[in-house]
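Residue strings, one per chain:
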Amino acid sequence: MGDAIATEDLTKRFGAVEAVSGVALRVPERSVYGFLGPNGSGKTTTIRLILGLLRPTAGTARIFGHDIRRARLAALRAVGAVIETPALYDHLSGRENLEITRGVLGLKRSETDRVLELTGLTGAQRRRAGGYSLGMRQRLGLARALLGSPRLLLLDEPTNGLDPDGIQEMRGFIRSLPERTGATVFLSSHLLSEVEQTATHVGLISKGRLVLQDRLAELLGAGEATIRFGVDDPPRAAAALGAARRETVETGGGEIRVRLSPGADADADAGAINAALVNAGVTVFRIAPATRRLEDVYMRHAGAHATGGGDAHPPV
Amino acid sequence: MLIRLFSAELRKLREPVTLLALFAAPMLAGALMFAGIAAGERAPEWADVWEGMTGFWMLLLAPLSATAFAAFAAQIEHRARGWDHQLMLPAPKWMTFAVKAAVVILGLWVMTALFPLAVAAGGWLGGQIGAGGPLTGQVGLAAFYRLIVLGAAAGLCLTAIQIWASLRFASFIAPVLLGFGGVAVTLAGMIFRQVDRIELWPWGMPMWIALTIEEYPQSAQRLALYGLAGGLAVLIAMTLHLSRREMR
């Protein structure tokens, strides 16, 4: 499978400010790609560059191999997108908003019913969009993006304004899209948990630079499991493990986190570490697997950038 | 694709305010005509009425209607922040803007077509109930239409400029100021008897046609052609400019 989105050295300057700098995205087909970054890090600008709504200062963006500047129509035929808060015609009903786009795309009338059903807006289709709640507007935007079953969906902060139930529903919906429709989803968010629960691939952007990009499973370090030991004397525990040639990842707060030996049986390895601690006179009162979280990955790669100044707020 | 975009633009205009925008100017002229005739003690001739109403339309109502309707149609998109969605659809950018302009021009032609009818109806009704009785002389609607059509052709230039400004600026203040300014210059030209200096002023061209059609019909026709050609040139420049612009 190829890339749904591929950018090379994508750069955008607004006067003296470089909003996006040398971004090289690779979004594999049929993936859910979480594009993560703090507010103001360049996520929306990157999406607008990918869609050809902004002209890049340098670099290229391709959608399914079509250069967005040279073959704009071919590229956009495969795309549905919602950027920021969906732009809706408030004086028209939800259905009429969809009908406008359906008409331009030359789709059958039944397509409007399909996306209304899919997004749970069938009952509200005759109401003016101006009277919709933020969550309904978000769903109407999504419905519009889904018209024609595009191969690529670009969703900019899709859970903004949704209530907790709506957020869960939206996450499930997004996760299921590649399997149900074969679509690729490019999802931008400043919410670490959202990307962690939804994406198969992750790109981290900070201050306009793509600082990391990989499969989520790789980033969370499937082969680098660690175990947390609750102990009465963490420094003594660290010294004991050092003597036993075990790698201590983190010490503090009555805990010590120890890396398991690569390739070893996790249970047996944990038992061996426990034995080493007990033999050294350390009291162990808790043993728990310490799975790596996206937050750890983020803080390692982008945290310094994100909190180092400027207006950007780190993801939460 | 052209037809699909056109029908999408027409769909966006489905709101009561559109009807108000389309009918306000002709109806205002008709209402004024009715009030004037009904209140008058002596019924004027149709020819005199047409002359006065032509000036009113060409100088004020037509340019200001173009200003208002272009701003109204553009605001539908600006207000909804609809450019992002509009321009990420698989349609040529130039076509998107050209169709928007075509819808505005069509709306203005509808207004232009309604104007003589509204004036004639107002005059007829006023004559029925006024003390002065019905208007005298031939109605001469066909000749009036001819003049109005020439004015509309000449007015394409100012219409195109108004559309350009309306689409370019997210705030309606800029195009409205432009429209008022354009009319003000024409008025100043008339007040200071410098009409010949505003012959090629886009907002003054329709008025110039109204002033010269009797004496110099060929000159009026030439001016209508200039307005038409200028309008088309402005529309082409507008679609090129806006297609290359980063719209927000």
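Residues numbered from 1 in each chain as written. Chains lettered and ligands numbered in written order. Predicted model: local features only at pLDDT ≥ 70, side-chain atom pairs only at ≥ 80, totals over all residues.

A.B. asks: So what about unusual backbone geometry? Which residues, and what values?
C.D. replies: Residues and elements named next belong to chain A. In this structure, arginine 30 is a non-glycine residue whose phi angle is positive, near 65°. Position of arginine 30 relative to the elements: it lies in the loop between β3 (26-28) and β4 (32-36). A tally of 16 C-beta atoms within 10 Å means that arginine 30 is categorised as partly exposed. Positive phi, normally seen in glycine, also occurs at serine 149, with a value near 45°. You can see serine 149 is positioned in the loop between α5 (134-146) and β8 (152-156). For serine 149, a count of 16 C-beta atoms within 10 Å gives the class partly exposed. (Helix = DSSP H or I, 4+ residues; strand = E, 2+ residues; numbered from the N terminus. Buried ≥ 20, exposed ≤ 12 C-beta atoms within 10 Å, placed from the backbone.)

A.B. asks: Tell me about the interface of chain B and chain A, and name the residues and values.
C.D. replies: Counting residues at the interface gives 21 residues for chain B, matched by 23 residues for chain A. Only α1 (2-12) and α4 (83-87) of chain B provide two or more residues apiece to the side of chain B that touches chain A. Per-element tally for the side of chain B that touches chain A: the top contributor is α1(B), with six residues. For the side of chain B that touches chain A, the class distribution of residues is 10 nonpolar, three polar and eight charged. (Contact = placed C-beta atoms within 7 Å. Nonpolar A, V, L, I, M, F, W, Y, C, P; charged D, E, K, R; others polar.)

A.B. asks: Can you break down the sheet that holds β8(A) residue by residue, with the values?
C.D. replies: All names here are of chain A. Strand order in the open sheet formed by six strands is β7-β8-β9-β4-β10-β11, with mixed pairing between adjacent strands. Each edge of the open sheet carries a strand with a single partner, namely β7 (79-82) and β11 (209-215). Taking the axes of each pair of neighbouring strands and ignoring which way they run, one obtains an average angle of 15° across the sheet. Two strands pair when backbone bridges link them, and β8 and strand β9 (residues 184-189) are joined in this way by five bridges, in the parallel orientation. Residue pairing across strands places aspartate 156 opposite serine 188, the latter belonging to β9. Seen against the sheet, α5 touches β7 and β8 and runs at an angle of roughly 170° to β7. Its contacts with the sheet place helix α6 (residues 164-181) against β4, β8 and β9, and it is angled at close to 155° to β9. (Pairing = 2+ DSSP bridges. Axes fitted to C-alpha atoms, helices over the stretch in contact; angles between N-to-C directions.)

A.B. asks: Let's hear about the pairing of β7(A): which residues, and what values?
C.D. replies: Residues and elements named next belong to chain A. Side chains Val79 and Ala81 of β7 all project onto a buried face; the interleaved residues Gly80 and Val82 project onto the opposite face, where all are buried too. In the sheet, β7 pairs with β8 via four bridges, with the strands oriented parallel. If you follow valine 82 over to β8, its bridge partner there is leucine 155.

A.B. asks: Tell me about the packing of α1(B) against helix α5 (residues 93-129) of chain B, and please be specific about residues and values.
C.D. replies: Residue and element names in this part refer to chain B. At a closest axis distance of 9 Å, the pairing of α1 and α5 adopts a crossing angle of 50°. Our classification of the angle between α1 and α5 gives oblique. Like other packed secondary-structure pairs, α1 and α5 cross with a definite hand, here right-handed. Judged by residue contacts, Leu2, Leu5, Phe6, Glu9 and Leu10 of α1 engage Met95, Thr96, Val99, Lys100, Ala102 and Val103 from α5. (Parallel < 35°, antiparallel > 145°, perpendicular 65-115°, else oblique. Left-handed = near helix turned anticlockwise from the far one by under 90°.)

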